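Here is how the chains run, residue by residue.
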Amino acid sequence: MKIKIVSVFLSICLVTPFVYSAIPTQPSIAWMPSNIESGVNITVTWNMWWGENGNEWTLYDNNQIHCEGSVPTNGRNAQSGQCTSNFVAGTHVLTVDLCNADGCTRSNPLTFTVENGATEDPTDPSDPTDPPSDDCGIQPKPDGGYTLCQSDLDATEAAITDTELYRLVKDSIQTLNNDAVERVRPSRADNPDNVKRVERLLSQADWNYLFALADPAYNYTRFLQAVAKFKGFCATYDDGRDSDAICRKSLATMFAHFTQETGAHILSSPVDEYRQGLYYLREVGCTEGGSGCGYNAECNPATWQGKTWPCGTQPDGSFKQYFGRGAKQLSYNYNYGPFSEVIYGDVSVLLNHPDRVADSWLNLASAVFFFVTPQAPKPSMLHVIDGTWEPNAHDRSLNIEKGFGATTNIINGGIECGTASGVEKQQSKNRITYYKAHAAYLGVPVPDDEALGCANQGRFEVQGAGGMLIYWDQDWAYHPNNPEGASFACKLVGYQTAYSALIPGNYRQCVEHYFDVDIIEP
């Protein structure tokens, strides 16, 4: 039995922007179709006129190493490597990683099929009596457009996001179903393990003491429910890291930011200022159904935000109000919608009922969600604290180091960090004071050399250690063997779009939006 190889020659070329960076810029895959029955010569190339050199490359076939090689640096000249290999029958998704000492970049995937059978197809494709093909790949429809298989989409998405950082992030943002969350109560025997850890380290009495002026809607039970929703918060580490110590430090960090963001800040109060957090449930001056405080300019259906996260309406036809609510002061429809999708699997729930972010356990869950989720190109606060994020050379060139200051940079770096004078802004000073006080109460050591401030820190950039791309946008690459030369794929980008790589199903939605395709399973 012969094997017909639908695509055989692969040239992987580096397309680089006009911005010099330490790690290689993203490679792309180009190929030329051919039918042969012998080994496939694969050439990996990249040029060095712009961007940093890659000196090691690895070609993956369906997420398994297919071949790899290394090349000595050679100034700014073109680099290349080769391997010869056969492909077995079936669908193949190829990607290449180009690496140097500072990190790796991954190409967009190339999908092709190797067919079992004679080199020439014995059937007449125009014969209506022929049985329908069960092959996946891009298939034309009689009335126009094309079909793609869900399995091909899944393979492509998996190949693009098959990195250690993506695996770690997806592990840390796993959620518990809402029915189980709402059964959580203090001291309940069936509480999830991460909730039990929090209960051991922070009692209800501790909560009441640390948040002495809190709005009653922020209660201990709701905090435990918020923790339960996100399994990565105060989780158990099985790699030798101290789970209790990480949890304590997470609590101290989160509580310090609570105090700054929602604290009463009443200097004359007998209650220590660091214990005045969670005083405000809604943005100051804003009430449900009140005038002003709309935050709904992006509700306009003519904007992509308005189309993606359609705003709810009041009885009079005006848009719902998306002012700050909860411990994170969640604002705008483009934040309520994604949070709603994470909590309910449906963007419309909180867009139609934004008040739930104030009046239910979501008032604290919104803050835990922000804590465990990276804000590209920033790492998550959790990964700063638990050591998953380690600053690389590019981070250090921006003076971004491990410590509490990096979490301030994440939550409000554009306002509070990177000051022209190098002097800490008052907001950042407040956070440091609150952090030290919460840390002392919770038994968290604060080393003398911990980077607590961020006055000298630049903003996080994609070349940093946490610079993963988390949104999908159309892949404009030209694929000569595809109909119309289209990629029929989406790529990862560093700006917000309607489609998140961290939300299941969004990759399919992106492909369906940009290409005339129906997604099927044969």
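Just so we're clear, the structure is a prediction, and the values are computed from it rather than from any experiment.

A short note on the overall build of the chain
Across its full length, the chain carries 17 helices and 16 strands. By residue count, 51% of the 522 residues in the chain fall in the buried class. Intrachain contacts of the chain at a sequence separation of at least 6 include 69% that bridge at least 24 residues. Just so you have it, the chain exposes about 23400 Å², and 51% of that area is on carbon and sulfur atoms.

Examining the nonpolar core
Formed by 106 residues in total, the largest nonpolar core has its most connected members in L202, F223 and F255. The element contributing the most residues to this core is helix α12 (residues 362–372), with 9 residues. Filtering out sequence-adjacent residues up to four positions away, L202 remains in contact with W207, L210, Y220, F223, L251, F255 and L442. Of all hydrophobic cores here, the second largest spans 5 residues; its members include L59, C67, V96 and L98.

Focus on the sheet that holds strand β11 (residues 139–140)
Within a sheet, each strand pairs with its neighbour through backbone hydrogen bonds, oriented either parallel or antiparallel. Ordered in space as β11-β12-β16, the 3 strands form an open sheet in which the pairing is mixed. Looking at which strands have only one partner, the edges of the open sheet turn out to be β11 and β16 (517–520). Direction of pairing for strand β12 (residues 146–149) relative to β16: parallel, over a ladder of 4 bridges. By the bridge assignment for β16, C149 is matched with I520.

With respect to the side chain of H383
With respect to the element layout, H383 can be found in helix α13 (residues 381–386). Contact partners of H383, with chain neighbours within four places excluded, come to L168, V169, S172, T388 and W389.

What about empty space enclosed by the protein?
For the structure on display, the rule yields 2 cavities of 30 Å³ or more. Each pocket or cavity is described by its volume, and for the largest cavity that value is around 100 Å³. Every element with two or more residues in the lining of the largest cavity is listed here: α7 (243–262) and α12.

Examining the packing of aromatic side chains
Per the stated rule, a full pass over the model turns up 22 aromatic pairs. Geometrically, the ring pair formed by Y146 and F488 is edge-to-face, given 5.3 Å between the ring centres and 75° between the ring planes. Within this pair, whereas Y146 is found in strand β12, its partner F488 is found in the loop between β13 (471–474) and β14 (490–493), the two being separated by 342 residues in sequence. For Y146, a relative accessible area of 14% translates into the label buried.

Looking at the sheet that holds β14
Judged by pairing direction, the sheet is antiparallel, and its 3 strands sit side by side in the order β14-β13-β15 without closing on themselves. At either margin of the open sheet sits one strand with a lone partner, and together these are β14 and β15 (499–500). Of the pairings in the sheet, the one linking β13 to β15 comprises 2 bridges and is antiparallel in character. Along β15, the bridge assignment pairs Y471 with S500. Running over the sheet, helix α17 (residues 506–514) touches β13, β14 and β15 and is turned about 20° from β13.

Thoughts on the pattern of salt bridges
Two side chains with opposite charge may pair up if their charged atoms get near one another. Following the criterion strictly, the structure yields 17 salt bridges and no others. With its nearest N and O atoms 2.5 Å apart, the salt bridge here joins R167 to D162. A salt bridge links R275 to D272; the shortest N-O distance between them is 3.7 Å.

Some points on the environment of G494
Following the sequence through the fold, G494 ends up in the loop between β14 and β15. As for G494 and M468, which are separated by 26 residues in sequence, their C-alpha atoms are 7.8 Å apart.

Quick word on the packing of helix α1 (residues 150–160) against α17
The geometry of a pair of packed helices is captured by two quantities: the angle between their axes and the separation between those axes. Following both chains from N to C, one finds α1 and α17 inclined at 115°, their axes separated by 10 Å at the closest point. Comparing the axis directions of α1 and α17 gives the class roughly perpendicular. Note that α1 runs across α17; the crossing there is right-handed. Of the residues in α17, those touching α1 at Q150, L153, T156, E157 and I160 are Y507, R508 and V511.

Re helix α4 (residues 193–201)
Listed in full, the buried residues belonging to α4 are N194, V195, R197, V198, E199 and L201. Here the buried face of α4 lies against α5 (204–210), α6 (220–229), α7 and α16 (426–442).

What about the state of the cysteines?
With the rule as written, the count across this model stands at 5 disulfides. Disulfide pairing places C234 opposite C247 at an S-S distance of 2.0 Å. On the S-S bond that ties C234 to C247, the torsion sits near 85°, and the link is right-handed. With C234 in the loop between α6 and α7 and C247 in helix α7, the pair connects residues that are 13 residues apart, well separated along the chain. Accessibility assignment for this pair places C234 and C247 in one class, buried. Covalent S-S linkage joins C490 and C510, the inter-sulfur distance amounting to 2.1 Å.

Cut-off values and rules
Residues numbered from 1 in each chain as written. Predicted model: local features only at pLDDT ≥ 70, side-chain atom pairs only at ≥ 80, totals over all residues. Heavy atoms only, no water. Helix = DSSP H or I, 4+ residues; strand = E, 2+ residues; numbered from the N terminus. Buried < 20%, exposed > 50% of the residue type's maximum accessible area, 1.4 Å probe, protein only. Contact = heavy atoms within 4.5 Å. Areas by Shrake-Rupley, 256 points an atom, 1.4 Å probe, with all protein chains shown as cover. Core = buried A, V, L, I, M, F, W, Y, C linked by side-chain atoms within 4.5 Å. Pairing = 2+ DSSP bridges. 1 Å grid on protein atoms, 1.4 Å probe; cavity = no way out; pocket = protein on both sides within 12 Å on 5 of 7 lines; lining within 4 Å. Points joined across faces, edges and corners; volume = space filled by probe spheres on them. Phe/Tyr/Trp six-rings, centres within 6.5 Å; stacked < 30°, edge-to-face > 60°. Axes fitted to C-alpha atoms, helices over the stretch in contact; angles between N-to-C directions. Salt bridge = Lys/Arg side-chain N within 4 Å of Asp/Glu carboxyl O. Parallel < 35°, antiparallel > 145°, perpendicular 65-115°, else oblique. Left-handed = near helix turned anticlockwise from the far one by under 90°. Disulfide = S-S within 2.5 Å.

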